[in-house]
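# Architecture and fold: a report
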Amino acid sequence: MRLAEAALPRLAPAVRCFDYDRAAQAVGIVHLGIGAFHRAHQAWYTDRALSAGDRDWAICGVSLRSPEVAVQLNPQDGLYIVAERSSTGTGYGLVGAVRNVLVAGQERERVVEQIASAAVKIISLTVTEKGYCRTAEGRLDFTLAGETSLYGLIGEALKRRRDAGLPGLTLLSCDNLADNGRQLRRLMAEYLDRFSSDLRSWFEAECACPSTMVDRIVPAVTGSDRAGVAAAIGLEDRATVLTEPFSQWVIEDCFVQGRPRWDKVGVQLVEDVAPYEMAKLRMLNGAHSALAYIGLLRGHEFVHQAVADSFIRKIVQRLMLEEALPSVRPAPGQDLAGYANRLLERFANPALAHRLAQIAMDGSQKIPQRWFGTLADGQKAGRSCPSVLRAVAAWMLHIRGDNGPVDDPMAAELRAVWGQGDPSSALGGLFGEAGLFPTIWAPDEGQKAFLIRSLGEFER
Ligand code: CS2
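Residues numbered from 1 in each chain as written. Predicted model: local features only at pLDDT ≥ 70, side-chain atom pairs only at ≥ 80, totals over all residues. Heavy atoms only, no water.

## Looking at the overall build of the protein chain
- A count of helical and extended segments in the protein chain gives 18 helices and eleven strands.
- For the protein chain, the spread of C-alpha atoms along the three principal axes comes to 65 × 55 × 45 Å.
- Of the contacts formed within the protein chain by residues at least 6 apart in sequence, a portion of 78% connects residues at least 24 apart.
- Carbon and sulfur atoms make up 50% of the accessible area of the protein chain, which totals about 17,900 Å².
- Of the side-chain charges in the protein chain, 51 are positive and 54 negative, and the distance between the mean point of each set is 2 Å. (Helix = DSSP H or I, 4+ residues; strand = E, 2+ residues; numbered from the N terminus. Contact = heavy atoms within 4.5 Å. Areas by Shrake-Rupley, 256 points an atom, 1.4 Å probe, with all protein chains shown as cover. Lys, Arg positive; Asp, Glu negative; His and termini not counted. Charge placed at Lys NZ, Arg CZ, Asp CG, Glu CD.)

Written as structure tokens, this is what we have:
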């Protein structure tokens, strides 16, 4: 039998359950990009806030294109299980915060209507790096920002809200971008300005875009994971998510119409998110991408295997502690060396079975904020950053196709930099003024020589 409201009496007693009346909650949040990460993170925190007595923050989830999550969650009345896996066992929790899922590609009008409705106060987003439709220089790429992009959906709804005299919204980016709130605000303003400078001004005056740092490792679920969850909870759950016990969310506390009491359930509401965000992107995500590209080249499949490989472990330790860490200005009381050690422990969790290939996808969208900032700051301070450079070399081989087909929106352009087959032209095709990534960092002569040597090292 499948998980749903009516089946709840049959749920195994070991599953931790929310204790609020779902039907009494109005939808206060519309979430764009309701993938596994949102379900294991923001929706999970919101569920806990509702259990702690908060009201009217139920979530309407939106998939921008694929109907898959709607097909999984709607027949289950939005209910799903979060399975937290560690080496000592698995804990199961039922999440009730999601009301329903809409698919923008099929029912755009309903999505716009929902965002424009009076009870909605927050639009949160996990649309992945590529969902922001940015050019290599970081401006809005209007050719990608169509009617069912985040801009098309929110833009139309904001116009309706303003015309109806409704208040503005908080747009809460929960993606791994540097300064995610500020970037969203700038890009949204750029979008609106093309249609109406009045609407742009209204948006800037009435809406807020807090920056956030989100952290929880959420590997893609497999068929056998689902079977294991079904056996443990006594019901089939097609929307189950699998994650680690650890979770962190840091949010800049500026909301235009209030927010759930997330601070009561472990979320850090702070004045300035930047130090947390930078440490997370450059240390956790920077290390993750290095593990992915170097690990795949060395024949590993999972993160815990790559981090147990002493050759890779040394590179990753150095990347975090000696290269990324000195480039981050810590928040008061933030212990970055301790942070790096805890990250190594989290990466070593074998129960997660986190595939390197999952992290390796969309490198063109992820790498700039994970590695180039560390490299640019290192260059200014006279630090050479050999570990990040080795990771860059591993990525160059990845985009050449050494690990098989490349899953990246820029796969064809990336492959083309290897057109001549030689490393120097590949470097020229990627970095510097004529390259695909002309901003923030370009290798100097010494770094170019090092990169070419590292390519040889991984090829052997
Ligand atoms: C990972 C992240 O897939 C990836 O690129 O680096 O999804 C990572 O697991 C999360 O950011 C952890 O919070």
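What follows picks up the thread again.
## A closer look at the nonpolar core
- W371 and W395 are the most contacted members of the largest nonpolar core, which totals 66 residues.
- In terms of residues, this core owes the most to one element, helix 9 (residues 274–297), which gives eleven residues.
- Counting the residues that make up this core, at least three belong to each of domain 1 (5–270) and domain 2 (274–459).
- Apart from the residues within four sequence positions on either side, W371 is in contact with G286, S289, A290, Y293, V388, A391, V392 and W395. (Core = buried A, V, L, I, M, F, W, Y, C linked by side-chain atoms within 4.5 Å. Buried < 20%, exposed > 50% of the residue type's maximum accessible area, 1.4 Å probe, protein only. Domains from an automatic or database assignment.)

## Topic: the sheet that holds strand 8 (residues 212–215)
- Strand order in the open sheet formed by three strands is 8-10-11, with mixed pairing between adjacent strands. Edge positions in the open sheet fall to strand 8 and strand 11 (268–270), since each of these has one partner strand only. Across the sheet, the mean angle separating the axes of adjacent strands is 15 degrees when strand polarity is ignored.
- Sheet topology places strand 10 (residues 248–252) next to strand 11; three bridges connect them, and they run parallel. Among the inter-strand pairings, I251 is bridged to a residue of strand 11, identified as L269. (Pairing = 2+ DSSP bridges. Axes fitted to C-alpha atoms, helices over the stretch in contact; angles between N-to-C directions.)

## A closer look at the packing of aromatic side chains
- Under the definition given, this model contains 15 aromatic pairs.
- Counting every residue linked through ring pairs, the aromatic cluster contains W44, Y45, W249, F255 and W262.
- When the ring centre of W57 is taken as reference, the NZ or CZ atom of K121 above it lies at 5.8 Å. (Phe/Tyr/Trp six-rings, centres within 6.5 Å; stacked < 30°, edge-to-face > 60°. Lys NZ or Arg CZ within 6 Å of the ring centre and 35° of its normal.)

## Brief notes about the UniProt feature "domain: Mannitol dehydrogenase N-terminal" (unreviewed entry) in the protein chain
- Summarizing the sequence annotation, UniProt attributes the feature "domain: Mannitol dehydrogenase N-terminal" (unreviewed entry) to residues 28–264 in the numbering used throughout.
- Each end of residues 28–264 is marked by a C-alpha atom, and these two atoms are 18 Å apart; helix forms 34% of the span and strand 22%. (UniProt positions renumbered as here; feature names shortened; annotations may be inferred.)

## Re the pattern of salt bridges
- Using the criterion set out here, one finds 32 salt bridges in the structure.
- A salt bridge links E84 to R216; the nearest nitrogen and oxygen atoms lie 3.1 Å apart. Linking E84 in strand 3 (residues 80–86) with R216 in the loop between strand 8 and helix 8 (223–233), this pair joins segments that are 132 residues apart in sequence.
- We classify E84 as partly exposed; its relative accessible area is 24%.
- Close ionic contact of R400 with E459 constitutes a salt bridge, the shortest N to O distance being 2.9 Å. Linking R400 in helix 15 (residues 386–400) with E459 in helix 18 (residues 445–459), this pair joins segments that are 59 residues apart in sequence.
- Overall, the relative accessible area of 23% leaves R400 in the partly exposed class.
- Within the structure, one salt-bridge network assembled from shared partners comprises D253, R259, D263 and K264. (Salt bridge = Lys/Arg side-chain N within 4 Å of Asp/Glu carboxyl O.)

## Some thoughts on the side chain of H398
- Within the secondary structure layout, H398 lies in helix 15.
- Residue classification places H398 among the buried residues on the basis of a relative accessible area of 7%.
- For H398, the contacting residues outside a window of four places in its chain are Y293, L296, A360, N403 and V406.

## Remarks on the packing of helix 11 (residues 310–324) against helix 15
- Viewed as axis vectors pointing N to C, helix 11 and helix 15 meet at an angle of 125 degrees, and their least axial separation amounts to 8 Å. If you check the angle between helix 11 and helix 15, you find them oblique. Of the residues in helix 15, those in contact with F311, I315, R318, L319 and E323 of helix 11 are P386, S387, V388 and R390. (Parallel < 35°, antiparallel > 145°, perpendicular 65-115°, else oblique.)

## Thoughts on the packing of helix 11 against helix 12 (residues 336–347)
- Helix 12 packs onto helix 11 with a crossing angle of 150 degrees between their chain directions and a minimal axis gap of 10 Å. Between helix 11 and helix 12, the interaxial angle falls into the category roughly antiparallel. Read as a crossing pair, helix 11 and helix 12 show a hand that is right-handed. In this structure, helix 11 uses R313, V316, Q317, M320 and L321 to contact helix 12, whose residues at the interface are A337, A340, L343 and L344.
- Considered class by class, the residues forming the contact of helix 11 with helix 12 number seven nonpolar, one polar and one charged. (Left-handed = near helix turned anticlockwise from the far one by under 90°. Nonpolar A, V, L, I, M, F, W, Y, C, P; charged D, E, K, R; others polar.)

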